[in-house]
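Here are the chains, one letter per residue:
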Amino acid sequence: MNGTTTCVEAVHYYLEQIEANRHLNAFVEVFSAEAVESARYLDNLRSREGMTGKLHGVVIGIKDVISFKGHKLSASSRILEGFTAIYNASAVQYLLDEGAIIIGRQNCDEFAMGSSNENSAYGNVLNAADTSRVPGGSSGGSAVAVQAGLCMVSLGSDTGGSVRQPADFCGILGLKPSYGRISRYGLIAYASSFDQIGIFGINVDDIARVLEVMSGADEFDSTVNDAPVPSAAALNKPDEGIYKLAYFKESLEHPGLDPEIKASFEAFVKRLTAEGHTVEAVDFELLDYVVPTYYILTTAEASSNLSRYDGVKFGHRSGTAGDDLSVFYKQNRSEGFGKEVKRRIMLGTFVLSAGYYDAYYTKAQQVRQLLSQKTQAIFSQYNAILSPTVPSPAFRFGEKSNDPIEMFLADIYTVFANLVGIPGISLPLFKHSNGMPFGMQVMTSQMDEVTLLRLSKRLMHVNGAE
Amino acid sequence: MEITDKAFDQLAHLSRLQFTDTEKEEIKGDLQRMIAFVEKLEEVDTTGVTPLLHMSSASNVWREDAVKGSVTREDALLNAADADGQFFKVPKVIKK
């Protein structure tokens, strides 16, 4: 802010934008009065004490899976209709402590399961670049809110690409931090060894500032890593470094990869090489196994995490009287969950069931180990891995929604980072001849967001985008 | 792998889900295709590989055993479909 506007004016501006873009269906609820109230408080505070807080007046939207005390929270599912959050997610608390304004909660695929935002109890979110196309998922509403200028920054969650893939489809930046970087306390669990809160923005600096505020140890989540918090100031130093970058040969040879995306990626690699960086193809013979591994492990974890929705302590309770407790649970759950969620619970129950556990679940954990070893070997030689973010640009509604497996393959380049716990970002560098934007994914080693964001800034300059 | 009706019903029971016959046919078909898809992992040689169980390198993250408040009873009961101010209520489960 340059001192010529106020927080109240900023909030009013975004509220008008949200109102004018209701057809996109990005928000499921807007906290209008409360956001104006917070803005007024900040304006008064600033007139007395000057700028306070690292995110003073930053207007942020949050995906409907992140807990904000006293507000509705539903994971875009009927099973949580009417549920009110009774505490703040740690990430939300840290944002509020630094002066951020939460403007509303954003539409998503039910329980963050999906790649197109076609699985929401609140209906589809439309891609603002072409409303006949999906915004991606599962954090579709959060991506479109930033794409259409309805807030400055959004929080999403990323279990297998749910931040990076919609960022790619919407032409914005989307960061999935390292596993353990941001507390998951107050994030509705899908797959606990994969989930991370992620950030959507229109430039690297905004994302870095929000990341810094949300990162770090938290007494409510023992999986948070105690590594130093990535400082946004680290991006201000001039970066003249020469990077050593890798890409997976098999990723570019994949038959599902759109030829234009491949050509743009290759041309970009040439420009990087011309600037003096080293970009090399490395073998990654496990590429075809990452999506199966991901689905075994995440559905297993989901079947366990979602067992809490039984209609007793919270959530939908069936109007049909069942006098047997087991029938009672089944009725509550079957009426409350949507189809994709049920499919994944069933698959997860299968891979964890006696007789199949070792063949599927343990096997997938072993492949995860191999992937992790491979990742360490690559980062002992390279600073970062580049890849397309998604094999095709944003598709049309209904195009893939009847084929769960084709939908799964949209995640082929993104699930890897969640499987091995490394950070990844999608950078909006390209445009397809069909008019849709698409991005490039950059990944660095675990807990090395500083290199990731510094390199991202460089790469945005290579294309003259930032 | 073929998922029999009996196996499907058992999975649905373990998942505490119920399906109409139409839903069952559809989900059963999807489940079979998804299982066939993930069976691709059989091709990977994992002999002697230790399963990766935890994403964090940290082990045993301890804290002081301090007595602290948690949510209040009022908050805990806030979202219950049926409660009497002290307890969550469910259908009677003890049969005569």
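Data block above holds the structure.
Throughout what follows, the structure given in this document is the object of discussion. (Residues numbered from 1 in each chain as written. Chains lettered and ligands numbered in written order. Predicted model: local features only at pLDDT ≥ 70, side-chain atom pairs only at ≥ 80, totals over all residues. Heavy atoms only, no water.)

1. Some remarks on the packing of aromatic side chains
All names here are of chain A. Tallied over the entire structure, the rule returns 26 aromatic pairs over all chains. Ring geometry for Phe248 versus Phe416: centroids 5.4 Å apart, planes at 90 degrees, classification edge-to-face. In this pair, Phe248 is assigned in strand 7 (residues 244-248) and Phe416 in helix 14 (residues 415-420), connecting sequence segments 168 residues apart. Chaining the aromatic ring pairs together yields one cluster made of Phe83, Phe111, Tyr309, Phe314 and Phe337. Just above the ring of Tyr382 sits the side chain of Lys244; from NZ or CZ to the centre is 4.9 Å. (Phe/Tyr/Trp six-rings, centres within 6.5 Å; stacked < 30°, edge-to-face > 60°. Helix = DSSP H or I, 4+ residues; strand = E, 2+ residues; numbered from the N terminus. Lys NZ or Arg CZ within 6 Å of the ring centre and 35° of its normal.)

2. Things to note about the interface of chain B and chain A
Residue-level contacts link 53 residues of chain B with 65 residues of chain A. Per-residue buried area on chain B facing chain A is highest for B:Phe37, B:Leu41 and B:Met55; these three make up 14% of the total on that side. Put simply, chain B and chain A have 4 salt bridges between them. In this assembly, chain B and chain A are joined by 19 residue pairs in polar contact (both at pLDDT 80 or more). For the side of chain B that touches chain A, the leading source of residues is helix 2 (residues 21-38) of chain B, giving 10 residues. Residues that form the side of chain B that touches chain A fall into these classes: 31 nonpolar, 6 polar and 16 charged. (Contact = heavy atoms within 4.5 Å. Buried area = accessible area lost by both parts, 1.4 Å probe. Salt bridge = Lys/Arg side-chain N within 4 Å of Asp/Glu carboxyl O. Polar contact = N/O pair within 3.5 Å; in protein donor to acceptor, adjacent residues only side chain to side chain. Nonpolar A, V, L, I, M, F, W, Y, C, P; charged D, E, K, R; others polar.)

3. Brief notes about the nonpolar core
Residue and element names in this part refer to chain A. Counting residues in each nonpolar core, the largest one holds 131 residues, and the members touching the most others are Leu95, Phe111, Leu155 and Val442. Every residue in contact with Val442, bar those within four places of it in the chain, is listed here: Ala384, Ile385, Leu386, Pro423, Gly424, Ile425, Leu427, Leu452, Leu455 and Leu459. Of all hydrophobic cores here, the second largest spans 31 residues; its members include Leu15, Val36, Ala143 and Val144. (Core = buried A, V, L, I, M, F, W, Y, C linked by side-chain atoms within 4.5 Å. Buried < 20%, exposed > 50% of the residue type's maximum accessible area, 1.4 Å probe, protein only.)

4. Concerning empty space enclosed by the protein
All names here are of chain A. Taken as a whole, this structure holds 4 cavities of 30 Å³ or more when the rule is applied. By volume, the largest cavity is sized at about 80 Å³. Lining the largest cavity we find 14 residues, and of these Gly114, Ser115, Ser162, Tyr294 and Asp411 sit closest to its centre. (1 Å grid on protein atoms, 1.4 Å probe; cavity = no way out; pocket = protein on both sides within 12 Å on 5 of 7 lines; lining within 4 Å. Points joined across faces, edges and corners; volume = space filled by probe spheres on them.)

5. Considering helix 2 of chain B
In an α-helix, one turn spans 3.6 residues, which is why side chains three or four residues apart end up on the same side. Helix length check: helix 2 of chain B, at 18 residues, gives a terminal C-alpha distance of 26 Å against a target of 26 Å (1.5 Å per residue), a fit within 8%. Of the residues making up helix 2 of chain B, those classed as buried are B:Lys24, B:Ile27, B:Lys28, B:Asp30, B:Leu31, B:Met34, B:Ile35, B:Phe37 and B:Val38. Considering only its buried residues, helix 2 of chain B is in contact with helix 9 (287-305), helix 11 (339-352), helix 12 (357-379) and helix 13 (404-409) of chain A together with helix 1 (5-14) of chain B. (Expected span 1.5 Å × (residues − 1).)

6. Some remarks on the sheet that holds strand 11 (residues 437-443) of chain A
All names here are of chain A. Read across the open sheet, the 11 strands follow the order 1-3-2-4-6-5-10-11-9-7-8; overall the sheet is mixed. Either end of the sheet is taken by a strand with one partner, and the two such strands are strand 1 (27-30) and strand 8 (278-282). Averaged over all pairs of adjacent strands, the angle between strand axes in this sheet comes to 30 degrees, irrespective of strand direction. Of the strand pairs in this sheet, strand 5 (residues 173-176) and strand 6 (residues 196-201) are connected by 3 bridges, and their pairing is antiparallel. (Pairing = 2+ DSSP bridges. Axes fitted to C-alpha atoms, helices over the stretch in contact; angles between N-to-C directions.)

7. Brief notes about the side chain of A:Ser372
With respect to the helices and strands, A:Ser372 occurs in helix 12. Overall, the relative accessible area of 13% leaves A:Ser372 in the buried class.

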